[in-house]
Amino acid sequence: MKTMDRMQSALQRVAPGICLVATLGAAAWLHFGGDQRGHVVGFAQATPEAIAPTEIARVVSIGVGVGDEVLPGQIIAQLDTTAIDAEIAVAKADKTRLEAEVRAEEAVLAQKLDVDLEALEREQARQREEQLRVSAEAKALDDEMSRVKQLVEDRQAVFGELAQLDLQRATVTALASEKPRTLGLLAKQIKAAEQRRKTAKQEGSATAAKLEADLLVAERNIELLQQRRAGYVLRATGRGRVAAVDKQPGEVAGPGEPVVRLVSTGERVVACVPEGIALGIREGDDARLWIRGQSGDALRGKTVALGPLVSELPARCWTNPKMPMWGREITVALSAPIDVLAGQAFDVVFEPAAAPPQPLPAVTPMAAPTSSPTSLRAAGPLPVTLPPSLANRTRFEPSGLVTRASEGRYLVVSDDTGRDEDEGKPWLFAMSTTGAIDAEPVQIDGVAELSDVEAIAAGDAGEIYLLSSQSFSKKGKRKPARTALLRLRQEGRGFRVDGEVHLAELLDADPARAHALGLPNGTRSLDIEGLAFRQGALHLGLKAPLDAQGNAMIWQIASPGALFAARPDAVKAAARKDSSASGRLAEAGASLWARARVDVELAGKSTPGGISDLQFLPDGSLAITSTPSTADGDAGALWRVDAPQAGALAPLLVRRFPGLKPEGIAPSLAPGRLMIVFDAGSSAPLFEEVPWAP
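These figures come from a predicted structure and were not determined experimentally.

Our focus in this paragraph is the pattern of salt bridges. Throughout the structure, instances matching the rule amount to 39 salt bridges. The salt bridge involving D438 is made with R409; its shortest N-O contact spans 4.0 Å. Note that D438 is positioned in the loop between β19 (427–431) and β20 (442–445) and R409 in strand β18 (residues 409–414), a separation of 29 residues in sequence. Note on D438: relative accessible area 21%, which makes it partly exposed. Using a relative accessible area of 10% as the deciding quantity, one classes R409 as buried.

This is the structure:
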């Protein structure tokens, strides 16, 4: 009994200590867990964004309230556009004036050339009449000389009369022999005048060229004003919530002065990592996260930034409010955005990134690769390899591609095809999974020349569609080779043209349809670089022009077969801008299908972006690449639309490509990835495979 009393007394003495140790142990286990790196606390990062105009304007309307959630591209506020609309009206009037001056100058030049040609033709007719007169006079003198000569022999006339006639005959004969040379010279002058008139109609005079340049400046000025006007519609650049509304309708906002303030959350978490753990974490490590106080599966993330130094962590990270903790702040990007409040707490577990699998040797029917596709996918953009024999024949600038799974390769189109004598050759190029281009181009029969080919797409019946840009050249010319939309069928190793139309000519012949497609000013600024096929319809992505709000436009041709069913005489009528070509686009179901905001970052600034390519993917999503619409410079971005429908699209930014121009996209031959080709100008073109998953 005494022993039991002693044990009970001892337990009472040590019980508080045991409880304290257990409590601290439980707290440590809850904080660090059983993971090798332990649990750490993190907080939802808040990224503030000020929605502000770029120039002074009066606020007309506010479309959100404090606490509202906004999505990328959503309209936040609208500003008064009265002043800039007046500027646009003046600029359009100036453009109309210049167009009238160009037409007047061309008419004056044509009239002058016609007068010169008519004068030469009149002189030619006079010389022919003179030739006939001289020839008749020479014949008459010959007859008279024969008569007088006989009289002289009969001593009925003196020799002097015969000599005088002989002198007249020599003069007339000389004139008659000179007339053919004079007529030949006039014929050459008339031919040269006709050539000058023909050339003038094609190229115009120096004055007309200057007016054309002024007209181009006026058009660019209108585009610039329209881009400025698009800035009067303030939009959210990312997902977030409205934190404050600083301006109300009727108030004036200056450049950079916030109208609405947003806070974006749910994309990044900043973790407070104790010093002992922080030094073992690397950029790219995976992370699992749980929202404090909520149950459910772990969220996934990846380490994207490491604090540059070990310092005292914020007080809310301390396990003991009276005991400061030291460590690093590490930023984790969530795999998918979630709806949380700024500063909301998370439990975070870091996991070392899995080592990349060793590449296995592979044999493909294409050129032998120097490394495996797996290693290529992990390396970022890589150079496309051109055999020297082909590099001497072509300026290879990839502008689009299509996957040929049955052949284990890609077909690529290029802005420019051949050099020198091969200039404008209708060629495609075959590319392997490792970026190696076949030495021999893939020939297209049935068309003599192609220029500025920007896009390629595969139909559902084995056909291939090719699209030229429809744009004017730097010299202000647009020949038919730049406006072609072709349908191809495979024939042996190459392809044959199965259908041909010229979109720009059809649009010029049908101004009402052009206006409905978003071209109120015609096709002068038209530039199409994207082409995709889905459910029997073609979709065309415009690089320029953008709409008045700065959105890129996507056209749909619902029935391509109806478009290519045009008779040859209808195609020629369109080339002549004949009214008989009107209605072809309506029959094919051409419409403005969707709009999308796809801006890029150029020199650190948001710049209006146009579509450089688009691709509907097997998972039902739409991939879009964009480059600057009209601004000079190399920049690009990749966007995703999960459930594309007609109307206003809300693309989600997947990735930016600073200093690079993504020009073509297609499903990769590797599952779950997207193949992108880049035009690098005078440098070697590039390609890259990027992950593509929901």
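On to the state of the cysteines. The tally for this structure, following the rule as stated, stands at 1 disulfide. Here C272 engages in a disulfide with C317; their sulfurs sit 2.0 Å apart. Of this pair, C272 sits in strand β10 (residues 268–274) while C317 sits in the loop between β13 (311–312) and β14 (326–334), and the two are 45 residues apart along the sequence. Classification of C317 by relative accessible area gives buried; the value is 3%.

Let's shift gears to the layout of surface pockets. Roughly 1,500 Å³ of volume is contained in the second largest pocket. Contributing to the lining of the second largest pocket are 45 residues, with S471, F472, K474, R482 and D527 lying nearest its centre. Broken down by secondary-structure element, the contributors of at least two residues to the lining of the second largest pocket are α4 (206–230), β25 (527–534), β26 (537–544) and β32 (622–628). At 4 residues, α4 tops the list of elements feeding residues into the lining of the second largest pocket. Split by residue class, the lining of the second largest pocket holds 7 nonpolar, 13 polar and 25 charged.

This part is about empty space enclosed by the protein. Tallying each qualifying case throughout the model produces 4 cavities of 30 Å³ or more. The volume enclosed by the largest cavity comes to roughly 90 Å³. For the largest cavity, the full set of lining residues is E223, Q226, Q227, A230, P545, L546, D547, G550 and T630. Each residue belonging to the lining of the largest cavity can be placed in one class, and the counts come to 3 nonpolar, 4 polar and 2 charged.

Our next topic: unusual backbone geometry. Cis geometry is adopted by the peptide bond preceding P545, which originates at A544 and carries an omega value of 0 degrees. The topology assignment puts P545 in the loop between β26 and β27 (552–557). Despite not being glycine, Q470 shows a phi value in the positive range, around 70 degrees. By relative accessible area, Q470 is classed as buried at 0%.

Basis of the calculations
- Numbers given for residues are sequential positions, taken from 1 along each chain in its written order.
- Whole-chain, interface and lining totals are the exception, using all residues; otherwise, since this is a predicted model, local features are given only for residues with pLDDT of at least 70 and side-chain atom pairs are given and counted only at 80 or more.
- No hydrogens and no water enter the side-chain calculation; it runs on all heavy atoms of the structure.
- Throughout this description, the term salt bridge denotes a Lys or Arg side-chain nitrogen within 4 Å of a carboxyl oxygen of Asp or Glu.
- Note on conventions: DSSP H or I runs of at least 4 residues are helices, E runs of at least 2 residues are strands, and numbering of each starts at the N terminus.
- Categorising residues by exposure relies on relative accessible area from a 1.4 Å probe, with only protein chains included: less than 20% of the type maximum marks a residue as buried, more than 50% marks it as exposed, and the intermediate range marks it as partly exposed.
- When the sulfur atoms of two cysteines come within 2.5 Å, that pair is taken as a disulfide.
- Cavities and pockets are found on a 1 Å grid laid over the protein atoms alone: a cavity is a set of points where a 1.4 Å probe fits but cannot escape, a pocket is an open set with protein on both sides within 12 Å along at least five of seven lines, and a lining residue has an atom within 4 Å of such a point.
- Grid points are joined across faces, edges and corners, and a volume is the space filled by probe spheres set on the points.
- Only Asp, Glu, Lys and Arg are considered charged in this grouping, and only Ala, Val, Leu, Ile, Met, Phe, Trp, Tyr, Cys and Pro are considered nonpolar; every other residue, Gly among them, is considered polar.

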